[in-house]
Amino acid sequence: MLTFSHLILGLFQALLLLAAAPLISGLSRMIRAKLHTRHGPGLLQDYRDIAKLLTRQDLTPPNSGFAFRAMPAVMLTTVLVIAMGIPMLTRFTPVAPIGDLITVIYLFALARFFFSLSGIDSGSSFSGIGGSRELTMGVLVEPVMMLSLFVAALLAGSTNLGAIGTAIADGHVRSATATVIAALSFAYAIYIELGKLPYDMAEAEQELQEGPLTEYSGPSLALIKWAMSLKQAVVVAWFIGVFLPFGSAPEMTFFGLLFGLVAFAIKLVLIFAAVGVVENSVARVRFRLTPQHSWVGVGAASLAFVFYLVGL
């Protein structure tokens with residue numbers, strides 16, 4: 001049952017992640033710079049970029065429509081709503097109606113849809129190509145995420161993210177092997193979703209990944225960049241809440257939430273550090289090779305389903 005305290009907890013963790021998202025993005029950039037043996041931007045550079053963009057003029061292409069204008073607010077709001085339902089500090093979902101597996105998947109699809117549609121709606125051919133690329137990435141990555149999560153839901157007997165994480169933490173799953181394989185396939189999909197090498201170059205504005213953002217400026221661009229860094233933090237928090245819930249508070253107590261916050265922060269930093277090391281250990285590949293590599297995730301998730309069926 002949704003209570004006022006649970007709603008406050010959901011709002012708290014969503015706003016906390018919103019405030020920390022540029023810091024997490026700055027940490028990822030700093031790790032990349034250190035691995036390249038260069039000075040690189042500071043840890044708080046993303047905050048300065050967002051603050052600077054908020055003071056600039058907001059320009060809109062004359063041929064753009066409603067989707068282009070609404071996308072920054074829709075994307076940021078949608079990701080914030082998702083952050084309210086993911087079990088980050090606790091083993092249970094703060095806002096249960098949002099913390100359902102199917103609901104979260106549809107909300108992520110909504111954010112991706114508006115992000116892609118804004119590129120097409122801007123009237124720019126370059127932005128349109130970037131929007132098409134984003135839709136292609138969704139077709140390739142989202143099935144891996146859904147299949148691995150559905151296997152975890154079958155193992156836990158529930159589509160509630162908190163219930164899945166609790167079942168994994170307590171060892172009440174039918175197949176430990178299927179759980180591990182599903183976690184690995186989901187982590188693979190999350191890595192691609194983060195926009196890292198070998199498919200994306202996060203700091204290259206000329207890349208097709210940044211295509212839909214070409215026509216944005218000022219406060220709108222600031223909201224989008226903030227939302228993109230928040231989305232990266234949320235997808236990692238999604239993985240932590242489902243497959244790495246260890247250390248999260250089983251009950252809503254002050255010290256339990258405090259310990260859960262510390263454990264969540266440590267896991268978040270360690271995962272982004274590992275992502276930074278992996279990203280700088282691989283070579284860039286052509287985008288057209290993405291479908292061939294995405295089959296690895298599909299195969300792993302399918303293998304997890306097979307292990308679930310046989311109970312190994």
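This text goes with the structure placed above it.
Residues numbered from 1 in each chain as written. Predicted model: local features only at pLDDT ≥ 70, side-chain atom pairs only at ≥ 80, totals over all residues. Heavy atoms only, no water.

This part takes up the pattern of salt bridges. Scanning all chains against the criterion turns up six salt bridges. Here D170 makes a salt bridge to R91, at a shortest N to O gap of 3.1 Å. You can see D170 sitting in helix α6 (residues 161–170) and its partner R91 sitting in the loop between α3 (66–85) and α4 (101–121), a full 79 residues away along the chain. Bridged by salt links that share partners, the residues R112, E142, E193 and K231 form one connected network. (Salt bridge = Lys/Arg side-chain N within 4 Å of Asp/Glu carboxyl O. Helix = DSSP H or I, 4+ residues; strand = E, 2+ residues; numbered from the N terminus.)

Let us now look at the side chain of S28. As for its position among the elements, S28 is in helix α1 (residues 4–35). Excluding residues that lie within four positions of it along the chain, S28 makes contacts with K196 and F272. (Contact = heavy atoms within 4.5 Å.)

Take the environment of A96 next. Tracing the chain through its elements places A96 in the loop between α3 and α4. Separated by 61 residues in the primary sequence, A96 and G157 place their C-alpha atoms 16 Å from one another.

This part covers the packing of α1 against helix α2 (residues 45–54). Where α1 meets α2, the axes come as close as 7 Å, and the angle between the chain directions of the two elements is 125°. Put simply, α1 runs oblique to α2. Contact with α1, carried on its side by A19, A20, P22, L23, S25, G26 and R29, involves Q45, D46, Y47, D49 and I50 of α2 and no other residues of that element. (Axes fitted to C-alpha atoms, helices over the stretch in contact; angles between N-to-C directions. Parallel < 35°, antiparallel > 145°, perpendicular 65-115°, else oblique.)

With that settled, the discussion passes to the packing of aromatic side chains. One pass over the structure, following the stated rule, counts nine aromatic pairs. Seen in terms of ring centroids, F186 and F239 are 6.1 Å apart; in terms of plane orientation they differ by 20°. Their pairing is stacked. One end of the pair, F186, is in helix α7 (residues 176–193); the other, F239, is in helix α8 (residues 218–243), with 53 residues separating them in the sequence. The buried category is assigned to F186, whose relative accessible area is 0%. Relative accessible area serves as the criterion here: at 13%, F239 is assigned to the buried category. Taken together, the aromatic side chains of F108, F186, W238, F239 and F243 make up a single cluster linked through ring pairs. Its guanidinium or amino end placed over the ring of Y308, R174 lies 5.1 Å from that ring's centre, counting from NZ or CZ. (Phe/Tyr/Trp six-rings, centres within 6.5 Å; stacked < 30°, edge-to-face > 60°. Buried < 20%, exposed > 50% of the residue type's maximum accessible area, 1.4 Å probe, protein only. Lys NZ or Arg CZ within 6 Å of the ring centre and 35° of its normal.)

For the rest of this paragraph, the subject is the environment of G42. Within the element layout of this structure, G42 appears in the loop between α1 and α2. Taking the C-alpha atoms as reference, G42 lies 6.8 Å from M30; in sequence the two are twelve residues apart.

Ranked by size, the top nonpolar core spans 77 residues in total, and within it L230, V234, V236, W238 and F243 carry the most contacts. Ranked by residue count, the leading element in this core is α8, at 15 residues. Sequence-distant contacts of V236, that is, excluding residues within four places in its chain, are made with I190, L194, L268, I271 and F272. (Core = buried A, V, L, I, M, F, W, Y, C linked by side-chain atoms within 4.5 Å.)

A separate point is the side chain of Q232. With respect to the secondary-structure elements, Q232 resides in helix α8. With a relative accessible area of 18%, Q232 lands in the buried category. Once residues within four sequence positions are removed from consideration, Q232 is found in contact with L194, K196 and F272.

Together, L154, L303, F305, V306, L309, V310 and L312 give the surface a local cluster of nonpolar side chains, amounting to about 610 Å² of exposed area. Broken down by element, the residue count for the nonpolar patch peaks at five residues, all from helix α10 (residues 290–310). In this structure, V310 sits in helix α10. (Patch = residues over 30% accessible without salt bridge, like charges linked within 9 Å, V, L, I, M, F, W, Y side chains within 5 Å. Areas by Shrake-Rupley, 256 points an atom, 1.4 Å probe, with all protein chains shown as cover.)

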